[in-house]
Amino acid sequence: MAEEADLHALYERAVQDPPGDVRFFSRTFKKLRGYKPISLREDFCGTASLCLAWARSGSERTAIGVDLSQETMDWGRARIDAAGRDYGERIELVCADVRDPKRPRVDVACALNFSYCVFKTRAELLEYFTAARGGLARDGVFFLDLLGGTESMCEDVTDNEHDGFIYRWEQERFNVITHEVLCHIHFLFPDGSKLDRAFTYDWRLWTAPELRELLLEAGFRKVHFYWEKVDADGEGTGNFGEPDYVENQEVWWTYMAAER
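First things first, this report covers the structure right here in the doc. Source: prediction; values computed, not measured. (Residues numbered from 1 in each chain as written. Predicted model: local features only at pLDDT ≥ 70, side-chain atom pairs only at ≥ 80, totals over all residues. Heavy atoms only, no water.)

1. Quick notes on the pairing of strand β5 (residues 136-148)
In step 1: Most of β5 sits inside the fold, with 10 of its 13 residues counted as buried.
In step 2: Both strand β4 (residues 106-111) and β5 contribute to a ladder of 5 bridges, which runs parallel. In the strand pairing of β5, Ala-111 is matched with Leu-144.
In step 3: With helix α6 (residues 122-134) bridging β4 and the parallel β5, this β-α-β connection has right-handed handedness. (Buried < 20%, exposed > 50% of the residue type's maximum accessible area, 1.4 Å probe, protein only. Helix = DSSP H or I, 4+ residues; strand = E, 2+ residues; numbered from the N terminus. Pairing = 2+ DSSP bridges. Right-handed = clockwise from strand over helix to strand, strands pointing away.)

Shown next, in the form of structure tokens:
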């Protein structure tokens, strides 16, 4: 089963929720700006699944995906073309550094799945945030997601069961001095086969105040943190609020939004 598996498809099923991201971006942008966003840029787009979800969410919507891996974007382009309609005409994929100047300017830009953590120094991340802001329209909003919690700074392995495979997240090493973290994704299958280190991430785990300060330094006007509300059983509701105080947990994940 491991030999026949498609790594990109496995990653999308295990890690991403493009329709949920599109709903959050649309609702939050409209709340902040009073109108519906039309154009999106997905930095570190990979297979551009978010670009496709964005195009599917409205016939007038356009998307640009930017990534350094042409092979991964080719996989995404084939899937976009196979989706039919006019999606392919409204989605542009660009093989480039996300820090390069971007045109045309867009309503919404994003860097999800903690992809910006590839930048390990303040200077590198500030350069990226400045470029991201420069590629936004006047009322544009830049979205990030953020990982934290006590267990995010430990060596650990977490298994998540999916239909037909297990998604294993391994944090191999964490350096308290530098906040550098080395992580891997493994996939395990019912027949005993597996894909070890299908993906590896050599990151710096940035903290919320560091990110806020860097975004403001890059010229963004205001930075918001959005936490998902939970029901009586502690399950996520899909609705997000902007609290003033959040108690630390073992692991947490949240959205950030920076207003141009």
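2. A short note on the sheet that holds strand β8 (residues 180-188)
In step 1: Read from one edge to the other, the open sheet built from 4 strands follows the order β6-β7-β8-β9, with strand pairing classed as antiparallel. Looking at strand neighbours, the two that pair on one side only are β6 (156-162) and β9 (194-204), the edges of this open sheet. When the angles between neighbouring strand axes are averaged without regard to direction, this sheet yields 20 degrees.
In step 2: Taken together, the 7 bridges between β6 and strand β7 (residues 165-175) define a ladder with antiparallel strand orientation. Opposite Thr-158, over in β7, you have Trp-169 as the bridge partner. (Axes fitted to C-alpha atoms, helices over the stretch in contact; angles between N-to-C directions.)

3. A few points about unusual backbone geometry
In step 1: Positive phi, normally seen in glycine, also occurs at Ala-48, with a value near 60 degrees.
In step 2: Assignment of secondary structure puts Ala-48 in the loop between β1 (39-43) and α3 (49-56).
In step 3: Note on Ala-48: relative accessible area 0%, which makes it buried.
In step 4: Positive phi values are uncommon outside glycine, yet Asn-113 reaches one of about 60 degrees.
In step 5: Looking at where Asn-113 falls in the secondary structure, it is placed in the loop between β4 and α6.
In step 6: Residue classification places Asn-113 among the partly exposed residues on the basis of a relative accessible area of 23%.

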